[in-house]
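Secondary and tertiary structure notes
Each chain, letter by letter, is given below.
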Amino acid sequence: MRETTSKITTEFIKLDSLLKYEGLAETGGEAKLLIQEGRVRVNGAVCTQRGKKLRPGDRVELGDTAVVIECLSAVSNWRAFATTGRRRRSFTPASM
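The text that follows walks through the structure, step by step, so that each part is easy to find. On a predicted model such as this, the values are computed, not experimentally measured, just so you know.

When you go through the chain residue by residue, the secondary structure sums to three helices and seven strands. Each helix (α) and strand (β) of the chain, taken in turn from the N terminus, gives the series β-β-α-α-β-β-β-β-β-α. Looking at the chain as a whole, 29% of its 96 residues qualify as buried. Sequence-distant contacts, at least 24 apart, represent 50% of the contacts inside the chain between residues at least 6 apart. For the chain, the computed accessible surface area is about 6400 Å², with 47% contributed by carbon and sulfur atoms.

This is the structure:
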């Protein structure tokens with residue numbers, strides 16, 4: 001089985017989006033069919049939820065390919081804010 005990693009900068013990525021992002025499905029419609037047909041496994045169990053939220057550490061399998069979700073520093077910053085209520089870096093919205 002071929003194993004790769006997918007690095008995300010958000011808290012999660014939805015299953016159908018991951019399949020498209022990693023090139024395992026060419027379109028959203030193809031991703032939807034693969035998931036509905038039960039051909040996709042998440043952490044070893046068949047998953048038929050197209051919008052399943054995948055987080056760092058989750059493993060997705062399709063055929064002979066496995067993808068493990070990894071986080072980048074932006075996710076770590078979000079988690080720091082969520083748990084402490086303080087940001088590591090300042091942020092000012094551009095629209096203000």
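Now for helix α2 (residues 28-36). Quick reminder: α-helices carry 3.6 residues per turn. Residues three or four places apart thus point the same way. Every buried residue belonging to α2 is among Ala31, Leu34 and Ile35, and all of these are buried. When α2 is viewed along its axis, its buried side chains cluster within an angular range of 95 degrees and face the same direction. On its buried face, α2 is in contact with α1 (15-21), β3 (40-42) and β6 (59-62). At the exit of α2 stands glycine 38, carrying a positive phi of roughly 75 degrees.

To continue, consider unusual backbone geometry. Despite not being glycine, asparagine 43 has its phi angle at roughly 55 degrees, a positive value. With respect to the helices and strands, the residue asparagine 43 is situated in the loop between β3 and β4 (45-46).

This part covers the packing of aromatic side chains. Counted under the stated rule, the structure contains zero aromatic pairs. In this structure, lysine 53 is placed above the aromatic ring of phenylalanine 12, and the distance from its NZ or CZ to the ring centre is 4.6 Å.

For the rest of this paragraph, the subject is the nonpolar core. Residues Leu15, Leu18, Leu19, Val40, Leu54 and Val60 are the most contacted members of the largest nonpolar core, which totals 18 residues. Contributions of two or more residues to this core are made by α1, α2, β3, β6 and β7 (65-71).

A separate point is the sheet that holds strand β1 (residues 2-8). One open sheet holds the five strands; their spatial order is β1-β7-β6-β3-β4, and the pairing between them is mixed. Each edge of the open sheet is held by one strand with a lone partner, namely β1 and β4. Across four bridges, β6 lies against β7 in antiparallel orientation. Opposite arginine 59, over in β7, you have valine 68 as the bridge partner.

The next subject is the environment of valine 46. Residue position: valine 46 is located in strand β4. Looking at valine 46, the relative accessible area reads 46%, which means it is partly exposed. C-alpha separation for the pair valine 46 and glutamine 36, spaced 10 residues apart in sequence, amounts to 9.9 Å. Apart from residues no more than four positions distant in its own chain, valine 46 is found in contact with Gly38, Val40 and Arg41.

Calculation notes
Residues numbered from 1 in each chain as written. Predicted model: local features only at pLDDT ≥ 70, side-chain atom pairs only at ≥ 80, totals over all residues. Heavy atoms only, no water. Helix = DSSP H or I, 4+ residues; strand = E, 2+ residues; numbered from the N terminus. Buried < 20%, exposed > 50% of the residue type's maximum accessible area, 1.4 Å probe, protein only. Contact = heavy atoms within 4.5 Å. Areas by Shrake-Rupley, 256 points an atom, 1.4 Å probe, with all protein chains shown as cover. Arc of directions from axis to C-beta. Phe/Tyr/Trp six-rings, centres within 6.5 Å; stacked < 30°, edge-to-face > 60°. Lys NZ or Arg CZ within 6 Å of the ring centre and 35° of its normal. Core = buried A, V, L, I, M, F, W, Y, C linked by side-chain atoms within 4.5 Å. Pairing = 2+ DSSP bridges.

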